[in-house]
Amino acid sequence: MLDLFGDEAPWVEPLAEGAVILRRRARQQGAALLASIAQIAAQHPFQHLITPGGYRMSVAMTNCGDLGWSSGRRGYHYSDVDSFNGRRWPAMPQGFLLLAQQAAQEAGFTDFQPDACLINRYEPGARLSLHQDKDEKDLRQPIVSVSLGLPAQFQFGGFARGDGVQRLLLEHGDVVVWGGPSRLRFHGILPLKPGEHPLAGPYRYNLTFRRAR
Ligand code: SIN
Ligand code: FE2
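Residues numbered from 1 in each chain as written. Chains lettered and ligands numbered in written order. Predicted model: local features only at pLDDT ≥ 70, side-chain atom pairs only at ≥ 80, totals over all residues. Heavy atoms only, no water.

### Focus on the sheet that holds strand β9 (residues 152–156)
Part 1: One open sheet holds the four strands; their spatial order is β7-β12-β9-β10, and the pairing between them is antiparallel. Of all the strands in the sheet, just β7 (128–131) and β10 (166–170) have a single pairing partner and so form its edges. Across the sheet, the mean angle from the axis of one strand to that of its neighbour is 20 degrees, orientation sign disregarded.
Part 2: Both β7 and strand β12 (residues 187–189) contribute to a ladder of two bridges, which runs antiparallel. Looking at the pairing, Leu128 lines up with Ile189 of β12. (Pairing = 2+ DSSP bridges. Helix = DSSP H or I, 4+ residues; strand = E, 2+ residues; numbered from the N terminus. Axes fitted to C-alpha atoms, helices over the stretch in contact; angles between N-to-C directions.)

Next up, the structure:
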């Protein structure tokens, strides 16, 4: 049976040096995390950002924490305000911070101090093409990514866009951590398949925690 409530114990799946999937790690907290996302989005609605090249992103985004990731004609950047309403991003909920720090620790990264949490919402067909997370100052700090709702195919590649990729299904509650020698690996999400998740409806959500400054 589909294990929604986290009765299944989490397990660790190594991906590369400095990169692991903590399978089901956040599943028990799934409903609470989704409730926090809804609260944040009520104040700072999901937006389809426009890339520097002028394309509307298929993934809708909002943020919490001191800094939020944004995109516009002046490029990708971190900002302490939401450009759509000029207000500061909401604080990172304590449960988000603890989960991110514990997951990083379990993946071998002590003292992760995230100051930014990007919240992605994927609808059917939404995708994120291969990219590196490289707008952060301190690349010694890892990335922690929490998947919720509908499953998606995650691509985890090398250090050049054209390198081969591993393709991994990320399901509700899976946490991926990459840092150290894997910090700049290309990664992406293939177009989301339609579905209905009991807690998240027709969507996949992803939280990515970063130390931006
Ligand atoms: C990201 O690369 O920022 C998000 C990846 C994901 O949605 O799993
Ligand atoms: Fe990314």
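The structure having been displayed, the exposition proceeds.
### Here's the deal with the site of ligand 1
Part 1: Near ligand 1, the surroundings consist of Asn120, Tyr122, Leu128, His131, His187, Ile189, Arg204, Asn206, Thr208 and Arg210.
Part 2: Here an oxygen atom of ligand 1 and a side-chain polar atom of Arg204 are 2.9 Å apart.
Part 3: Between ligand 1 and Arg210, the relevant distance is 3.3 Å, taken from an oxygen atom to a side-chain nitrogen or oxygen of the residue.
Part 4: Computed on the free molecule, ligand 1 has an accessible area of 260 Å², of which 98% lies beneath the protein chains in the complex.
Part 5: More than half of the atoms belonging to ligand 1 lie within 2 Å of the grid points that define the largest pocket.
Part 6: Secondary-structure elements contributing two or more residues to the shell around ligand 1 are β6 (116–122), β7, β12 and β13 (204–210).
Part 7: Residue classes in the shell around ligand 1 are distributed as three nonpolar, five polar and two charged. (Near = heavy atom within 4 Å. Polar contact = N/O pair within 3.5 Å; in protein donor to acceptor, adjacent residues only side chain to side chain. Areas by Shrake-Rupley, 256 points an atom, 1.4 Å probe, with all protein chains shown as cover. 1 Å grid on protein atoms, 1.4 Å probe; cavity = no way out; pocket = protein on both sides within 12 Å on 5 of 7 lines; lining within 4 Å. Sits in = over half its atoms within 2 Å of the grid points. Nonpolar A, V, L, I, M, F, W, Y, C, P; charged D, E, K, R; others polar.)

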